[in-house]
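These are the residues of each chain, in order.
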Amino acid sequence: MAQSNDGGISTDMLNRIVKTQGGNPADKAIFNAMAGNNIDNLARSYMSNAETDTHFSVETMAQSISDQKSSGRCWMFSGFNVLRANFAKRTDSLRVEFSHDYLFFYDQLEKANLFLQGVIDTGKLPIDDPKVQFFFKSPIADGGTFCGVADLTEKYGLVPKSVMPETFSADNTSKMRSLLMSKLREQGLQLRDMVKQGKNKKQIKEEKTKMLGVVYRILSLTLGNPPQQFTYAFKNKDGKTVGTPRTYTPQEFYREVVGESLNGTFIMVMNDPRHEYHKTYEVEYDRHTYDGHNWVYLNLPMEEIASLAIASLKDGHKMYSSYDVGKQLDRKNGLLALDNFDYESLLGTTFPMNKAQRISTFDSGSTHAMTLSAVDLDADGKPVKWKVENSWGPDYGHKGCLIMTNDWFNEYMFRLVVDKKYVPENLIKEAQQKPVMLTPDDPLFAEDR
């Protein structure tokens with residue numbers, strides 16, 4: 001039987017809709033153009049053809065551009081960009097490339113454990129409970145945040161890229177991820193059955209350990225076995241070996257290149273106009289390891305976030321940052337500006353939602369992490385434009401970087417990780433407030449990919 005309520009499109013309603021179209025002759029020309037062309041090509045602003053201004057008054061030291069290929073590991077690439085830039089600055093330009101494959105191995109193993117333990121913790125709840133559904137909907141993923149960089153490197157260390165280079169599955173994660181999700185869901189159901197049967201914690205933990213052994217084998221076959229130790233010699237900016245080779249464990253190498261635990265050295269700030277500013281917020285299970293740190297951020301107006309970023313850049317330090325990078329992206333020129341494309345004139349309608357409304361309706365949110373590396377300031381010290389190092393290869397955009405106007409930055413920038421030494425004392429104190437806990441399905445908490 002068809003629904004009998006008054007919410008459908010009736011014949012009368014459809015006729016009224018059709019009559020509103022008006023038969024404008026220009027619409028036919030627009031349709032003919034759009035039928036055979038990409039919408040962005042037709043909506044492209046004439047001024048986007050102008051030469052992009054690439055001068056920046058404050059710019060950090062350039063470094064090589066990496067490529068995350070067909071993976072969602074931008075959070076790791078951006079985090080590693082910060083770590084290797086800090087190392088080069090601290091050692092007078094010694095260079096090192098870290099293995100993404102190595103840390104990705106442990107990221108996936110830890111996320112598998114986070115899922116399995118989460119299933120155990122919620123094992124007495126019905127399977128259609130929102131908390132249970134949260135785990136089974138996405139048991140494992142590539143995406144993440146800087147928290148993952150901090151927790152994983154502290155726990156497992158780092159190795160050079162030459163010691164554990166990328167594999168096909170590291171560069172192209174979809175099939176490996178799909179297989180892992182299927183296996184984890186199957187394992188999750190088995191653990192739920194054990195909880196229902198009243199098995200004790202020791203028995204359940206033993207079974208979970210066996211399950212993680214299966215995950216470990218899949219990862220070792222697709223990503224390779226992580227090294228326990230290796231021999232390595234650093235090189236300078238000209239590629240010349242400096243000093244004699246040394247043997248390291250991954251943890252020893254981490255201490256050599258990072259020098260200390262990252263946790264406790266930074267604060268994470270975000271611009272979310274839906275919520276009160278100068279308050280802290282947290283999302284449960286928004287972390288990479290079960291025993292790690294959730295993403296906890298201090299919500300600030302964009303002007304204050306910009307001030308923190310400028311202070312760090314002036315001292316030569318890059319930062320992890322994230323954006324809704326797909327909005328108004330001119331892929332040809334590597335430019336992000338609010339007027340790159342005039343969709344309103346092309347389609348004869350407007351798109352007036354503000355930032356808060358876009359977030360609330362899932363129309364916008366943090367989707368991609370990049371490394372903030374430069375800012376151009378006007379005569380009054382106000383930002384005009386920004387530059388980020390991207391992870392889509394050196395040939396994408398402007399030599400592997402993207403340039404964004406300050407207007408675009410204000411609308412589509414969301415997250416920034418900044419060293420505490422660039423943060424005023426009042427904000428340090430605010431960041432220590434007890435955070436408001438948000439639900440895992442909050443619109444702004446998609447992982448950076």
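Conventions adopted
- Residues numbered from 1 in each chain as written.
- Predicted model: local features only at pLDDT ≥ 70, side-chain atom pairs only at ≥ 80, totals over all residues.
- Heavy atoms only, no water.
- Helix = DSSP H or I, 4+ residues; strand = E, 2+ residues; numbered from the N terminus.
- Rg over C-alpha atoms; globule rule 2.2 N^0.38 Å.
- Buried < 20%, exposed > 50% of the residue type's maximum accessible area, 1.4 Å probe, protein only.
- Contact = heavy atoms within 4.5 Å.
- Areas by Shrake-Rupley, 256 points an atom, 1.4 Å probe, with all protein chains shown as cover.
- Lys, Arg positive; Asp, Glu negative; His and termini not counted.
- Charge placed at Lys NZ, Arg CZ, Asp CG, Glu CD.
- Axes fitted to C-alpha atoms, helices over the stretch in contact; angles between N-to-C directions.
- Parallel < 35°, antiparallel > 145°, perpendicular 65-115°, else oblique.
- Left-handed = near helix turned anticlockwise from the far one by under 90°.
- Nonpolar A, V, L, I, M, F, W, Y, C, P; charged D, E, K, R; others polar.
- Core = buried A, V, L, I, M, F, W, Y, C linked by side-chain atoms within 4.5 Å.
- Salt bridge = Lys/Arg side-chain N within 4 Å of Asp/Glu carboxyl O.
- Phe/Tyr/Trp six-rings, centres within 6.5 Å; stacked < 30°, edge-to-face > 60°.
- Lys NZ or Arg CZ within 6 Å of the ring centre and 35° of its normal.
- Pairing = 2+ DSSP bridges.

Draft legend 1. The overall build of the chain, seen in detail. Along its length, the chain carries 16 helices and 14 strands. For 449 residues, the compact-globule estimate of 2.2 N^0.38 gives 22 Å, and the C-alpha radius of gyration of the chain, at 25 Å, lies within 12% of that figure. For the chain, the spread of C-alpha atoms along the principal axes amounts to about 75 × 65 × 45 Å. In the chain, which comprises 449 residues, the share counted as buried stands at 49%. Of the contacts made within the chain by residues no fewer than 6 positions apart, 77% connect residues no fewer than 24 positions apart. For the chain, the exposed surface amounts to about 22,300 Å²; the carbon and sulfur share of it is 51%. Counting 54 positive and 58 negative side-chain charges, the chain places the centres of these two groups 6 Å from one another.

Draft legend 2. Structural detail: the packing of helix α4 (residues 74-90) against helix α7 (residues 146-156). The interhelical angle for the contact between α4 and α7, taken along N-to-C directions, is 65°, at an axis separation of 8 Å. Considering the angle they form, α4 stands roughly perpendicular to α7. Crossing hand, α4 versus α7: right-handed. Note on element contacts: α7 touches α4 through F146, G148, V149, L152 and T153, opposite W75, M76, G79, F80 and L83. Looking at the contact of α4 with α7, its residues break down into 7 nonpolar, 3 polar and no charged.

Draft legend 3. Main features of the environment of S48. Along the chain, S48 turns up in the loop between α3 (39-43) and β1 (58-59). Exposure remark for S48: the relative accessible area of 7% places this residue in the buried category. Considered as a pair, S48 and L298 are 250 residues apart in the sequence and their alpha carbons are 35 Å apart. Those residues in contact with S48 that sit more than four places away from it in its chain are D330, N333 and N340.

Draft legend 4. Fine view of the nonpolar core. Counting residues in each nonpolar core, the largest one holds 72 residues, and the members touching the most others are L158, F234, F253 and L262. Of all the elements, helix α5 (residues 100-121) adds the most residues to this core, at 12 residues. Ignoring anything within four residues of it in the chain, the contact list for L262 reads L83, F146, V149, A150, T153 and Y254. Formed by 36 residues, the second largest nonpolar core is a distinct cluster that contains L298, L300, M319 and F409.

Draft legend 5. Representation of the pattern of salt bridges within the structure. Per the stated rule, a full pass over the model turns up 19 salt bridges. Residues K155 and E110 are paired through a salt bridge, measuring 2.7 Å at the closest nitrogen-oxygen approach. One end of the pair, K155, is in helix α7; the other, E110, is in helix α5, and 45 residues separate them in sequence. Given the relative accessible area of 36%, K155 is considered partly exposed. A salt bridge links D442 to R274, with the nearest nitrogen and oxygen atoms 2.9 Å apart. Of the two residues, D442 is situated in the segment after β14 (436-438) and R274 in the loop between β4 (266-270) and β5 (280-283); the sequence distance between them amounts to 168 residues. We classify D442 as buried; its relative accessible area is 11%. Judged by relative accessible area, which is 24%, R274 ranks as partly exposed. Bridged by salt links that share partners, the residues K69, R73, E166 and D171 form one connected network.

Draft legend 6. Region of the structure containing the packing of helix α9 (residues 174-196) against helix α10 (residues 201-223). Following both chains from N to C, one finds α9 and α10 inclined at 175°, their axes separated by 11 Å at the closest point. The orientation of α9 relative to α10 falls into the category roughly antiparallel. Judged by residue contacts, M176, L180, K183, L184, Q187, Q190, L191, M194 and V195 of α9 engage Q203, I204, E207, K208, M211, V214, V215, I218, L219, T222 and L223 from α10. In terms of residue class, the contact of α9 with α10 is made up of 13 nonpolar, 4 polar and 3 charged.

Draft legend 7. View of the packing of aromatic side chains. Taken as a whole and judged by the stated rule, the model has 26 aromatic pairs. Measuring from centroid to centroid gives 5.3 Å for F105 and Y106, while their planes differ by 70°, and the two rings are edge-to-face. On the accessibility criterion, F105 (0% relative accessible area) is buried. An aromatic cluster is present here, built from F80, F87, F98, F230, Y232, F234, Y248 and F253 joined pairwise through their rings. Geometry around W295 places R415 over its ring, the cationic atom sitting 4.9 Å from the centre.

Draft legend 8. Representation of the pairing of strand β3 (residues 241-248) within the structure. Alignment of strand β2 (residues 230-235) against β3, held across 5 bridges, turns out to be antiparallel. Paired with Y232 across the strands is R246, a residue of β3. Linkage of β2 to β3, two consecutive antiparallel strands, is achieved through a turn of 5 residues, within which G239 is found at a positive phi near 85°.

Function cannot be read off these values alone, since they describe shape.
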